[in-house]
Every structure is written in structure tokens, then in C-alpha cells.
Amino acid sequence: MSTQPPTNTPRTLSQKVWDNHVVPSSTSDAADNGSALLYIDLHLVHEVTSPQAFEGLRMTGRTVRRPDLTVATEDHNVPTENQHLPIPDEIGRKQVDTLRSNTAEFGITNYPMGHKNQGIVHVIGPELGLTLPGMTVVCGDSHTSTHGAFGAIAFGIGTSEVEHVLATQTLPQLAQETMAITINGELPEGATAKDVVLAVLARTGTSGGIGAIAEYRGSVIESLSMEGRMTVCNMSIEWGAKAGLIAPDETTFEYLKGRQHAPQGEAWDEAVAAWRELKTDEGATFDREIIMDGSECVPHITWGTNPGQVAPIDSTVPNPADYDDAGEADACTRALEYMDLTPGMAMRDIVVDTVFIGSCTNSRIEDLRAAAAVAKGHKVKDGMRTLVVPGSGLVQEQAIAEGLDQIFIEAGFDWREPGCSMCLAMNADRLAPGERSASTSNRNFEGRQGRGGRTHLVSPEVAAATAILGHVATPGDLA
Amino acid sequence: MEAVRIVQGRAVPLERNDVDTDQIIPSDWLKQVERTGFEKGLFSEWRDDPDFVMNKEEHAGAKVLLAGPNFGTGSSREHAVWAIMQYGFEAVISPRFGPIFANNSTKNGLVCVQIEQELGDKLMAAVQADPQLEIVIDVEKLRLEVPALDIDVAFAMDAQVQHRFLEGLDDIGLTMQQGDDISAFESSRPGYMPATSA
């Protein structure tokens, strides 16, 4: 009845985490296609994808099975200025009010605007120690893969599944293939975690990971901090993977120790002992593998309208004629038209009017430190609009304690309050038609940052250098 | 959800790759707390253009959305599925679907038919040439049929999903029948797992 293989069969990390969460059925034989009912350890909830799920519970007379494994926050549509005042946008305010009343009704902890624990769902889970190795984590948000940085299986779900998890704390899941992204060697000078995942996208396009849970591994991945690993795992969905994860190690344990909800004392020792087993066994095989070298991960930038349309900053805008596939050539033509770019122009010649540093990809303390280090002692280009949006109240507090806010303000950046902000333009932070941004977020889709807006995805370091020079630049260009 | 056995009708040919869920329904439409009214947001940034394919009279009332590869990539917003269904589509055909979109479709009864790129290209050209072309998607037999083109091919659907489509079943109810199994699993969870309560 159990879908678990004999324990002596070598397994990958994701197979181990998956097997540990299969709810055995006492009434029916396990499906022969490997699908399973998975238990969910942590369910993150926000205002945009949950109202219809709570409404569904009310309509069917169901309740929340495990409010103690569920946590909510307000992030997607909140303003990043004057959060102590009522939200000016009436529809957005109603959605936030609905989250507050739903979480109160069903007994779920919610961190509202102004609370130090409030922030982007994928920033607060890890920093509160709620995201731990070996867990299953879900949220009605496609960037839930972020939590895979801790060796968790974490994936985005739709609102029907949000309702399913609220009611049952489980999800029926189809079997997934296993995939390895192995990046050997070391990172080149000036390269960041963002460049690692952009380089993966350059290899895979937007669909290379469909149907798979991917494990990032190799010396480059091991060398990354937890913040960097979160940046990499965050964009797994952009290349189509169901989830992306990284085996926990000393870096992981060091990050977690002492965090608010992390185990303490003897429970900590017990947990670490269990977490040390969470790695791909010698002899285990992956259904698919991509092997890369760290030298591929030079600073990258997107030039098109999906994250797979990406290239090194040292290169030029591609030509539709370079593509063999007619559909891809057409997509390139369409993207260049939308982005108003000419084939062959140098990436560094792209002039931007807006810089956004933030989002669940790059709004953690380390991202802000990196951007501040570049900005320090410089001034942003005249006329440049710049937003620095910390990922959470705790990141904001830490940044202020370190004086990062003052560095940004002195350099002419606009220092804001926490939220998703210009990543998806559900609040007032948005591009006007024709405006162009360098953005540390995760999606450069048409209209993503505002109708008619044009987005180039970059690292925090490149975003800061670009804000200062007014055109696409790396920190090295500031010398 | 309502049972779906056969989708039969004309198609709208949406000939472009990489249509992400931000294009299907832009984020401005996501602030609603209701589950209805999203048809107005479907492709709203493109529908202002009178030449946009969905605005053409000959495609009014089509039940099938014929898309290029990588349809529904990106954001997990189920609003994309709601918008497509509330507009009147009952099925989407594409060589490749975004995984979360495809999964969300199975919770609402929107039939996603994944076909070979070559067949997709052929169908796209055929529907563009003849907007009246009749397409039949049989969920019971898992066949895609286009009689006028002599096309009759199988498509894949998970057996449990197919069962729910044919019977119109709510999968939360099905899972709740396993309440005792879930309780048994819960009693075996490690003691160090955190609770969210402050």
C-alpha cells in the first residue's frame, strides 16, 4: 500500500522528501502511476489568491484542518509608502480586509502591514524559521519554489488547491521526474546568484524543467549563501520546473539556528541529525541532468518578454534570423518590437528610466547590502526613478540598523516599506507605457510591471550600477 | 465542478508562443475577492486591438482556444483559468502548457489537450483558413478529432483527473474520505516540526 521503495534503494533528495510525505491509504491501493496524497507541512497564504478559497470553505461548511501549520501575510497589493494609513485603492483595501477577516474567522496567524514580521511570503517563511529542511511547503504563488533552498519540496498552487490544503492539509500530486542542475567550478568575478539562475534560463528556456523537480547541486551552488540559494530556487518556475531544491548543509543549519520558529535545544540536535540525511544518495540517478560550469554564470540581463530571453551583459541584442525555429524567431521579433530594441545593439547601450530593487527574488538583507555597497558614494542619474523595497519588516529593520537606508537615500534612491511592489504592479508602484526598468524581480512579461512597461531582469549589483550610470552597467563600469 | 464528456465546436487560433498568465489576465484583475466576472479581463491588454484574433466576428462563440507552445506559463493565478472558462472556452489545445496552469485547469473542468508541435502547426493553419472548422475533444475516449482533416489522435490525461472530469467530482470531498489516514500520518510527524502560532 505504501509507495515507498525499499530503504536500501539509492534515492535523490527530492524522492526522500516526497516519500516522507506520502499519506498511506488504508482503503485503496496506491496508484500505479506514482501519484500520491502528500502531507503539507507549511501553507503560506496571502491576500490575492486566498479569498475565493476561504469562500469555498464557507459554502461547503468546511473548516481549516491545521491553522497551526498555516500563516498569512499581506504582500501582493500593499502600498510601499504610508503603510500606517488606509490603503488608498479601494479594491486593494477590500482584498486586504478580506484576508484579515478570513484569517480571524478560521484562527490563522496573519502578519498585517506595519507588523515587523509582515513581508513577502517567501521572505518571511525562512526568516521566521518556519521553512525548514525536508518540509513540504505550498502557497498560492508560483515563486514558492524559493523555500527549496532549504532542502524542502516547495511549489506554487492555484486557489482550488489553496482550498484543498486549508481543508485537508494534503494535496493529491502527480508523480514528477527528477532532474539535476549541476554547476561545477566557481563563479566568475562579479557574478551573483541571480546570474546563476539567469544562466540556467539561458540554457533551458522557459520550458526545460516542465514535469520535473530539480535539484541544484555542484560546487557553485554549495558556495552560495542561503540568500543566494533562495534567489536561485525562486526562479525555478521560470524555466518550468515544478520545484527546485538544494541539499541542506552547514550553511543551512547556520542560517536557521536560533530563528524564532526553528527547533531549540535537544529538538535542534534531533532535527539536524535528520536533516543531514537529506541528500542525494551515492548511486541514485536522475531522469534528466544538465551540467554547467560556473564560468557560464557571468552577469546576465533579459532582453525580451520572458525570462528565457536572456544573455550576458557583455553581449548584444539577438537577431530573429539567428533562430532556426520559426516560432522562436517570431517570439524574438515580437519581443524586440515590444521592448523597442534593435538586433546587434550592445546591452550596455540600453538606457533605462526606472530601477527596482526588491521582490521575492532579491529583497533580502544580503541583496540590499550588495546594492548599497555599489551605490555608496555615488548619485543616481538625474531623472532616474529608483525604488528600494525591503522584503519584510525584519529586513527593513536590519537594513536601518546597518545604515543601508541612509546609503540609499544619500545616493538618491527612494527607500520604501515592505511588499511585492513593482514586481507585479498590483499597487501604485508601476511603469507607465513605454517606460523601461532594470529590475531585480523575476518576470519580464509584457505589462508585468505596468501596462506597456518594459522590464530587464538583473542582479541587485547591476541594478544599482545601472541606476547610477543611467544605462545598463555592472559595478565594474563605475570605476 | 461540472462534468465534462465532450467539447465540440469551433476554435480561436491564438498564434503566438509563450502566452503567460500575466497576458491571459493582467494583475489589475486579481484584486477581486469574488470568483466571477473575470471574462472581461481575458487578454485585456490585447483586446483593445480590433485586429486581435478574438475580436473577429467569425470566431465568436468558439469553444476551443487553439494556442502556441508554452501556454499558461508564469504566475499561479487560477484567475487565468476562470477567465478563459467564463469567456466561454471549454478546452485549450497547445503543444506545451505551463504546469501550474494545466493543474489549475483540472480543478475547474477546463480540458487541456497537449498535442505534438507539428499537429499544432497544422491545426493552426487549418483553423486560420477555415474558422468554421469543427473540433471534437472526447474526454471519455481521450481523442482529439477533426473530421474534415481526417485527424483522430489520442491525448493524455491522468486517470484520476479523467474520472473527476467525467463525473464532475470535487477532489476535496474525495480527499476528506481519507481523514483517518491523514490523522494517522499526522501522529507520526517529527516533534521538531514548527507551528505557525506566534
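The rules behind the values
Within each chain, residues carry numbers counting from 1 in the order of the written sequence. Chains carry letters from A onward and ligands carry numbers from 1 onward, assigned in written order. Only residues with pLDDT of at least 70 get local features here, since the model is predicted, and only at 80 or more are side-chain atom pairs given and counted; chain-wide, interface and lining totals rely on the full set of residues. Working definition: helices are DSSP H or I runs of at least four residues, strands are E runs of at least two. Numbering for both runs from the N terminus. Each residue is classed by its C-beta neighbour count within 10 Å, where at least 20 other C-beta atoms makes it buried, 12 or fewer makes it exposed, and intermediate counts make it partly exposed; the C-beta atoms are placed from backbone geometry. Here contacts are defined at the residue level, using C-beta atoms placed from the backbone and a cut-off of 7 Å between them. Each residue is assigned to one class: nonpolar for Ala, Val, Leu, Ile, Met, Phe, Trp, Tyr, Cys and Pro, charged for Asp, Glu, Lys and Arg, and polar for all the others, Gly among them. Helix axes are fitted to C-alpha atoms over the stretch in contact, other axes to C-alpha atoms as well, and angles between N-to-C directions run from 0 to 180 degrees. In what follows, roughly perpendicular refers to angles from 65 to 115 degrees, roughly parallel to angles under 35, roughly antiparallel to angles over 145, and oblique to any angle outside these ranges. Handedness of a crossing follows from how the near helix is turned relative to the far one, being left-handed for an anticlockwise turn of less than a right angle and right-handed for a clockwise one. In short, DSSP must find at least two bridges between two strands for them to pair.

J.: Just give me the short version of the overall build of chain A, but keep the residues and values in it.
T.: Of regular secondary structure, chain A possesses 15 helices and 18 strands. Dimensions of chain A, computed from C-alpha atoms along their principal axes, come out at roughly 65 × 50 × 45 Å. Counting over 479 residues, chain A shows a buried share of 61%. Considering only contacts within chain A whose residues lie at least 6 apart along the sequence, 77% involve residues at least 24 apart.

J.: Which residues make up the overall build of chain B, and what are the values?
T.: Check the secondary structure of chain B and you find 8 helices and 8 strands. By principal-axis analysis of the C-alpha atoms, chain B measures approximately 65 × 40 × 25 Å. Looking at chain B as a whole, 44% of its 198 residues qualify as buried. Expressed as a percentage of contacts within chain B between residues at least 6 apart in sequence, the contacts between residues at least 24 apart total 71%.

J.: Got a sec to walk through the interface of chain B and chain A? Specific residues and values, please.
T.: Buried accessible area, meaning the area lost when the parts come together, often serves as the stated size of an interface. Counting from both sides, the interface comprises 49 residues of chain B and, opposite them, 71 residues of chain A. For the side of chain B that touches chain A, the elements supplying multiple residues, two or more each, are α1 (21-24), α4 (99-108), α7 (171-176) and α8 (179-187) of chain B. It is α4 of chain B that provides the largest number of residues to the side of chain B that touches chain A, a total of 6 residues. A per-class count over the side of chain B that touches chain A returns 16 nonpolar, 18 polar and 15 charged.

J.: Pulling in residues and values, what's your account of the packing of helix α2 (residues 51-60) of chain A against helix α5 (residues 159-168) of chain A?
T.: Residue and element names in this part refer to chain A. The N-to-C vectors of α2 and α5 enclose an angle of 50°; their axes lie 8 Å apart at closest approach. Overall, the two elements α2 and α5 adopt an arrangement that is oblique. Seen along the crossing, α2 lies across α5 with a hand that is right-handed. Contact residues: Q52, A53, G56 and L57 in α2; T159, V162, E163, L166 and A167 in α5.

J.: Let's hear about the pairing of strand β17 (residues 436-439) of chain A: which residues, and what values?
T.: The pairing of strand β14 (residues 354-357) of chain A with β17 of chain A spans 3 bridges and is classified as parallel. Opposite T354 of chain A, over in β17 of chain A, you have S437 of chain A as the bridge partner.

J.: Hey, could you go over the sheet that holds strand β4 (residues 91-94) of chain B for me, with residue numbers and the actual values?
T.: Residue and element names in this part refer to chain B. Within the open sheet, the 4 strands sit side by side as β2-β3-β4-β5. Their pairing is parallel. What marks the edges here is a single partner per strand, and that holds for β2 (11-14) and β5 (111-114). The sheet shows a mean angle of 20° between the axes of neighbouring strands, taken without regard to direction. Pairing analysis gives 4 bridges linking β4 to β5, with the strands arranged parallel.

J.: I'd love a proper account of the sheet that holds strand β2 (residues 42-45) of chain A, names of residues and values included.
T.: Residue and element names in this part refer to chain A. Pairing within the open sheet is parallel, and its 5 strands lie in the order β4-β3-β2-β5-β6. Where the open sheet ends on each side, the last strands, each with one partner, are β4 (109-111) and β6 (153-156). Sheet twist, expressed as the average angle between the axes of neighbouring strands with direction ignored, equals 20°.

J.: Lay out the pairing of strand β5 (residues 136-139) of chain A with the relevant residues and their values.
T.: All names here are of chain A. The alternating pattern of β5 places T136 and V138 and V137 and C139 on opposite faces, both of which are buried. With 3 bridges connecting them, β2 and β5 associate as parallel partners. Bridge pairing in β5 places H43 opposite V138. Direction of pairing for β5 relative to β6: parallel, over a ladder of 4 bridges. When the sheet's bridge partners are listed, V137 is paired in β6 with A154.

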